[in-house]
Amino acid sequence: MFRNFRAIHILFRSYIKRDASNAFSIFMALLTPLAYSAIFLTQTYLYFQINSVPFEDITIEKFYVCLCTNQVIIFLAFDQNIRALARDTLSSDVDILLMRPVSLFLYKYFRVISIDRVIMLALYVLGFAVALAFADVGADVITRLLLFIALAIILLNSVLSIMYGFGILFRDNDKVIRLKESLTDLTQLKPPEIFPFALRTGLTFVVPFLVMYGFMFDIVRNRDGETFWAIVAGWTIVASLLNYYMWRKIFQRYESTG
Amino acid sequence: MKVPAKKYIYIIKNSFLEGNQSFFSTLLSLVYPLIEISGLVFLYSYITSDDSGFLTRGVVIYFSFILVTTTLDYRRFASKLQSMIVDERYINIDQMPVHPFFYTFCESIGRSFVTLMLLITIGIGVLLFYGTPVIGVMLYIPVVLICLLLSHLIYYNYTLLTFYAEKHVKIWFFGIIFDFLSGKLVPLGFLPMILQKVFLSFMPFVYAAGALGNAFSDFNLRTLLTSSAIALFWVLLLIFTGNRIWAHGGRVFQERG
């Protein structure tokens, strides 16, 4: 256990050292999160310039709360690291990982840590707090949002792991990455009501991308009933179990065939 | 008779075979961009109309044009070029009797050839459906070609900075900046006028997609021709700067070892 944490500490330190190795990399590490955040903030601001009430019952402050929620979920789901683990498994590089003094589970989360990602996450956590202060939402909404964030992180992490798992089984990760990016672009920061009913249903019950990326809009509008939480919790449990059994199968097959 | 373009046709053909090994992969390469862009079409149609679910004419024409101009997977090509530079495999291109930019451009065209043709057909269909004048429909393909060249050149020039800063040149970060400044994330017509006039009109990004998409959605021949001319100017300028960076950067990279 302690050996694992010690290994993670060494990993973390070496990544930060690498990122801070020269002036240009520090500059890029600062510029990246700032520009990235500025674009998202501007984009949202423009929605409200085009139409002063673009979405039902959502103020700009509430939209910013949803934006920060969405980004915190994405950053804490460690997409890049799951992708890297899938790539390593596909190219048989897991042998080297198995020899490291750190569990694959933890390595999956802490494999790539860069300054810009740490700064970006910090910015969105801060943004979340500031937006909440201005959004005029009650303590119950904040509690439900935090619960949603926790469930959505597990769900997103599991969904991505399952998708990359399929990539390994079909020996083609590129198509899976592209599919994930397409579905993310389709649903990210889009309130559910903008989609036609059939598409909305598909994005909720067939692939849960709208659940992870769009459901927070219903929480800030107090539209999250029992069905809402049943869908979120149900998907989280189903996806986590699928993820667990799929990756166990993948590593069993990997170890048996080499 | 010697055909100078033959080698480039050969590159397109080779990349086409590599990128379209099965019907399924070709189908997916068409479906993915359609999924991505439909999110923006639904979003902006919803924002700009009072009736939810209604697709507004301007938004559909604008994004169908954006869809065609962003068909080539620029981030993929840029990442590949970056890893070639870092691993010093770019020397292979340097030693070929081809221009490095046109080599990478033809590769991208070849990989996405079927998708590009289908999306151009869809784009023309959308123009005809919404009653765009014939001259606009005729100019569609040349304008798309200019936009593809310019987008590719912008990524190419940026990626060549890898010669100086190696992996610190972040492709995914630039991709987001490019999408925003070119008008893919927010239609150009919705941006504040002062931002367009003072800032964006002096940069090449808008002429790679948004400015021309705008000219088609709110059809204006004069604006279309002016924007195309400016885009062509940027194409020539960026080919020149690309050549300079390739030559100078390659030398610096080799000297550094």
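Residues numbered from 1 in each chain as written. Chains lettered and ligands numbered in written order. Predicted model: local features only at pLDDT ≥ 70, side-chain atom pairs only at ≥ 80, totals over all residues. Heavy atoms only, no water.

Which parts of the structure should I look at to understand the interface of chain B and chain A?
Often the size quoted for an interface is simply the accessible area lost on bringing the parts together. Every contact between the two is made by 31 residues of chain B and, on the other side, 37 residues of chain A. Each partner contributes to the roughly 3,200 Å² buried at the junction of chain B and chain A, and carbon and sulfur atoms together form 74% of this total. Taken together, chain B and chain A are joined by zero salt bridges. Run the count over chain B and chain A and you get two residue pairs in polar contact (both at pLDDT 80 or more). Of all the elements in the fold, those that place two or more residues in the side of chain B that touches chain A are α2 (23-48) and α10 (171-181) of chain B. The biggest single contributor to the side of chain B that touches chain A is α2 of chain B, with 15 residues. The residue makeup of the side of chain B that touches chain A, split by class, is 22 nonpolar, five polar and four charged. (Contact = heavy atoms within 4.5 Å. Buried area = accessible area lost by both parts, 1.4 Å probe. Salt bridge = Lys/Arg side-chain N within 4 Å of Asp/Glu carboxyl O. Polar contact = N/O pair within 3.5 Å; in protein donor to acceptor, adjacent residues only side chain to side chain. Helix = DSSP H or I, 4+ residues; strand = E, 2+ residues; numbered from the N terminus. Nonpolar A, V, L, I, M, F, W, Y, C, P; charged D, E, K, R; others polar.)

In this structure, what is going on with the packing of aromatic side chains? I would like to understand it.
Applying the stated criterion across every chain yields a total of 37 aromatic pairs over all chains. Consider the rings of Phe55 of chain A and Tyr46 of chain B, whose centres lie 6.1 Å apart with planes at 10 degrees: the pair is stacked. Of this pair, Phe55 of chain A sits in the loop between α2 (23-50) and α3 (60-76) while Tyr46 of chain B sits in helix α2, placing the two residues on different chains. By relative accessible area, which is 1% here, Phe55 of chain A ends up buried. Through a chain of ring-to-ring contacts, the aromatic side chains of Tyr47, Phe48, Phe55, Phe63 and Phe217 of chain A together with Tyr44, Tyr46, Tyr62, Phe63 and Phe190 of chain B assemble into a single cluster. (Phe/Tyr/Trp six-rings, centres within 6.5 Å; stacked < 30°, edge-to-face > 60°. Buried < 20%, exposed > 50% of the residue type's maximum accessible area, 1.4 Å probe, protein only.)

When you look at a nonpolar patch on the surface in this model, what are you seeing that I'm missing?
Residue and element names in this part refer to chain A. On the surface, Ile237, Leu241, Tyr244 and Tyr245 cluster together into a nonpolar patch covering about 450 Å² of accessible area. By the element assignment, Tyr245 lies in helix α13 (residues 226-257). Under the relative-accessibility criterion, Tyr245 is labelled partly exposed at 48%. (Patch = residues over 30% accessible without salt bridge, like charges linked within 9 Å, V, L, I, M, F, W, Y side chains within 5 Å. Areas by Shrake-Rupley, 256 points an atom, 1.4 Å probe, with all protein chains shown as cover.)

It is not clear to me how helix α3 (residues 57-69) of chain B should be interpreted in this structure. Could you clarify?
Helical periodicity: at 3.6 residues per turn, an α-helix aligns residues three or four positions apart in one direction. All names here are of chain B. For α3, which comprises 13 residues, the first-to-last C-alpha distance of 19 Å matches the rise-based estimate of 18 Å (1.5 Å per residue) to within 8%. Burial within α3 is extensive, with eleven of its 13 residues counted as buried. For α3, the full list of buried residues reads Val59, Val60, Ile61, Tyr62, Phe63, Ser64, Phe65, Ile66, Leu67, Val68 and Thr69. (Expected span 1.5 Å × (residues − 1).)

Is there a simple way to explain the environment of His248 of chain B in this structure?
Residue and element names in this part refer to chain B. Summarising the element assignment, His248 is placed in helix α13 (residues 221-256). You can call His248 partly exposed: its relative accessible area is 38%. His248 sits 241 residues away from Lys7 along the chain, and the two C-alpha atoms are 26 Å apart.

Looking at this structure, how should I read helix α9 (residues 173-187) of chain A?
Over its 15 residues, α9 of chain A extends 21 Å from the first C-alpha to the last, a length consistent with the 21 Å expected when each residue adds 1.5 Å. Turning to α9 of chain A, its buried residues number three or more, namely Asn173, Val176, Ile177, Lys180, Ser182, Leu183, Thr184, Leu186 and Thr187 of chain A. At its buried positions, α9 of chain A is contacted by α4 (79-90), α8 (139-169), α10 (197-206) and α11 (209-214) of chain A together with α2 of chain B. Trailing α9 of chain A by a residue or two, Leu189 of chain A shows a phi angle of about 55 degrees, which is positive.

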